[in-house]
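Here's the letter readout for the chains.
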Amino acid sequence: CFFVFFLFVFLFFFFFFKQKTAYEIYQCDWSSDVCSSDLGWQIMGKIFIYDTTLRDGAQTEGVSYSLQDKINIVKKLDHFGIDYIEGGWPYSNPKDKALFDYFAQHKLIKSHLVSFGSTAYPKNLPRYDKNLISLIKSNTEFVTIFGKSWDLHVKGVLKINLDANLNQIGRAHV
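So, here's what we can say about the structure.

Thresholds, definitions, all that
Residues numbered from 1 in each chain as written. Predicted model: local features only at pLDDT ≥ 70, side-chain atom pairs only at ≥ 80, totals over all residues. Heavy atoms only, no water. Helix = DSSP H or I, 4+ residues; strand = E, 2+ residues; numbered from the N terminus. Buried < 20%, exposed > 50% of the residue type's maximum accessible area, 1.4 Å probe, protein only. Contact = heavy atoms within 4.5 Å. Expected span 1.5 Å × (residues − 1). Arc of directions from axis to C-beta. Polar contact = N/O pair within 3.5 Å; in protein donor to acceptor, adjacent residues only side chain to side chain. Pairing = 2+ DSSP bridges. Salt bridge = Lys/Arg side-chain N within 4 Å of Asp/Glu carboxyl O. Phe/Tyr/Trp six-rings, centres within 6.5 Å; stacked < 30°, edge-to-face > 60°. Lys NZ or Arg CZ within 6 Å of the ring centre and 35° of its normal. Right-handed = clockwise from strand over helix to strand, strands pointing away.

What follows deals with the environment of Leu67. The residue Leu67 is located in helix H3 (residues 67–80) in this model. Residue classification places Leu67 among the partly exposed positions, given a relative accessible area of 29%. For the pair Leu67 and Lys97, spaced 30 residues apart in sequence, the C-alpha separation works out to 9.8 Å. Sequence-distant contacts of Leu67, that is, excluding residues within four places in its chain, are made with Lys95, Ala98 and Leu99.

So this is what it looks like as structure tokens:
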């Protein structure tokens with residue numbers, strides 16, 4: 001959320017103080033889907049949006065989405081044309097699992113529903129890890145897998161050393 005806000009503020013001030021239109025700043029070759037700017041930057045022609053409302057938004061104090069709330073939010077984001085919608089963590093949240101089950105039967109038009117989870121528990125082989133198995137069973141085309149990156153979490157929560165953590169992240173495929 002902060003990154004998106006910062007990006008919008010940056011772009012606003014960039015365009016405001018430069019007094020140029022986007023067309024003047026970027027010359028695009030749409031056949032290659034790449035644009036270059038008079039500043040020497042190159043950007044892709046399409047920006048893909050990954051929405052985390054159903055997971056990050058649900059962590060906001062006082063927010064508790066029902067399954068129907070989640071279904072309605074996904075349908076609205078699909079209507080808006082959001083590219084990727086993070087549906088949540090099917091292993092740790094029964095409502096998220098039910099959401100994936102629902103959308104296995106009711107396909108989205110424009111968006112891709114994405115399941116979210118972590119690398120395997122350090123004592124588990126990935127192919128037997130219930131969390132990773134739940135990501136596969138969510139029947140989404142895409143998944144997001146996170147790994148611990150802060151040494152305090154690696155040593156304190158996972159109780160493994162940093163090299164073992166990197167190995168665990170590298171093995172996070174089934």
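Helix length check: helix H4 (residues 94–105), at 12 residues, gives a terminal C-alpha distance of 17 Å against a target of 16 Å (1.5 Å per residue), a fit within 8%. Those residues of H4 not exposed but buried are Asp96, Leu99, Phe100 and Phe103. Down the axis of H4, the buried side of the element spans an arc of 95 degrees, and every buried residue falls inside it. Exposed residues pointing more than 90 degrees away from the buried face of H4 are listed as Pro94 and Gln105. Packed against the buried residues of H4 are H3, strand S5 (84–88) and strand S6 (112–118). Near the N-terminus of H4, the side chain that reaches the backbone nitrogen of Lys95, with its oxygen 2.9 Å away, is that of Asn93.

Strand order in the open sheet formed by 4 strands is S4-S5-S6-S7, with parallel pairing between adjacent strands. In this open sheet, the two strands that pair with only one neighbour each are strand S4 (50–51) and strand S7 (142–146). Sheet topology note: the S6/S7 ladder contains 5 bridges and is parallel. Bridging across to S7, Ser118 finds its partner in Phe146.

Turning to the pattern of salt bridges, a few remarks are in order. The tally for this structure, following the rule as stated, stands at 4 salt bridges. Each of Arg55, Asp56 and Glu86 takes part in salt bridges that share partners, so that together they form one network.

For the rest of this paragraph, the subject is the packing of aromatic side chains. Applying the stated criterion to the full structure yields 6 aromatic pairs. On the numbers, 4.9 Å between centres and 85 degrees between planes, the contact of Tyr102 with Phe103 is edge-to-face. Taking relative accessible area as the criterion, Tyr102 reaches 22% and is therefore assigned partly exposed. Ring-pair connections join several aromatic residues into one group, and the members of that group are Phe48, Tyr84 and Phe142. For Arg55, the ring lying beneath its charged end belongs to Phe116, and the centroid distance is 3.9 Å.

Let's shift gears to the pairing of S6. Most of S6 is tucked away: 6 of the 7 residues are buried. In this structure, S5 lies alongside S6, joined through 4 bridges in parallel fashion. Residue pairing for S6: Gly88 is matched across the bridge by Ser115. In this fold, S5 hands off to H4, which returns the chain to S6; that crossover is right-handed. As a crossover connection, the stretch from S6 through helix H5 (residues 130–137) into S7 is right-handed.

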